[in-house]
Amino acid sequence: MPNKPPAPAPERSATPRAALHEALLGAPKTSKDLSARAGLSEKEIPKHLEHLEKSLKAKGERLVVKPAECLACSFVFKDRSRFTAPGRCPECQSPRIAPPAFHIEVKTTKG
Ligand SMILES: [Zn+2]
């Protein structure tokens, strides 16, 4: 009787991090957009972005972060932990915050 090893069903061809990388090569995306693209929970995105950023340097790529911004007074959260959205504006106390957006910039230097 021949052995039939149970082949794992390939639901996704790429790993979540590869999907994340691919999504970031396009237009800037928020954690919410990225979680949908990569099939990850939105809470996991900052952690993956941190790891991704480190691996990108070796490839000559750079993770560009557009910081979160208050929609009420345009305060920019430059000093904030970069990958997570703040809950409330320290200037005007508004909870209407545009989340940070991310994309990958590819360096075109020769070498
Ligand atoms: Zn504000």
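Preceding this paragraph is the structure being described.
A brief structural summary. Small disclaimer: the values here were computed from a predicted structure and weren't measured.

Basis of the calculations
- In this convention, every chain numbers its residues from 1, walking through the sequence in written order.
- This being a predicted model, a pLDDT of at least 70 is required before a residue's local features are given, and a value of 80 or more before pairs of side-chain atoms are given or counted; all residues contribute to the totals for chains, interfaces and linings.
- The basis for every side-chain value is the complete set of heavy atoms in the structure, and neither hydrogens nor water enter the calculation.
- Burial status follows relative accessibility: with a 1.4 Å probe on protein chains alone, a residue under 20% of its type maximum counts as buried, one over 50% as exposed, and anything between as partly exposed.
- Labels follow the DSSP assignment, with helices taken as runs of H or I lasting at least four residues and strands as runs of E lasting at least two, numbered in each case from the N terminus.
- Contacts are assigned to residue pairs that have any heavy atoms within 4.5 Å of one another.
- Coordination partners: N, O, S within 2.8 Å of the metal, 3.2 Å for Na, K and Ca; water not considered, so apparent gaps in a site are possible.
- We define a salt bridge as a side-chain nitrogen of Lys or Arg found within 4 Å of a carboxyl oxygen belonging to Asp or Glu.

### Considering helix α1 (residues 16-24)
Phase 1 of the analysis: Looking only at α1, the buried set comprises A19, L20, H21, A23 and L24.
Phase 2 of the analysis: As for α1, its buried residues are in contact with β1 (29-30), α2 (31-38), α3 (45-59), β2 (61-66) and β5 (101-106).

### A look at the coordination of the zinc ion
Phase 1 of the analysis: Protein coordination of the zinc ion is provided by C70 (SG), C73 (SG), C89 (SG) and C92 (SG), with donor distances spanning 2.3 Å.
Phase 2 of the analysis: Mapped onto the sequence, the residues coordinating the zinc ion show the spacing C-x2-C-x15-C-x2-C.
Phase 3 of the analysis: The class for C89 is buried, based on a relative accessible area of 1%.
Phase 4 of the analysis: Exposure remark for C92: the relative accessible area of 34% places this residue in the partly exposed category.

### Side note on the side chain of S35
Phase 1 of the analysis: Residue placement: S35 occurs in helix α2.
Phase 2 of the analysis: Those residues in contact with S35, other than ones at most four positions away along the chain, are L40, S41, E42 and I45.

### Re the pattern of salt bridges
Phase 1 of the analysis: Under the counting rule described, the total for this entry stands at one salt bridge.
Phase 2 of the analysis: Taking the shortest distance from any N to any O, the salt bridge between R62 and E105 comes out at 3.1 Å. Taken as a pair, R62 in strand β2 and E105 in strand β5 lie far apart in primary sequence, 43 residues in all.

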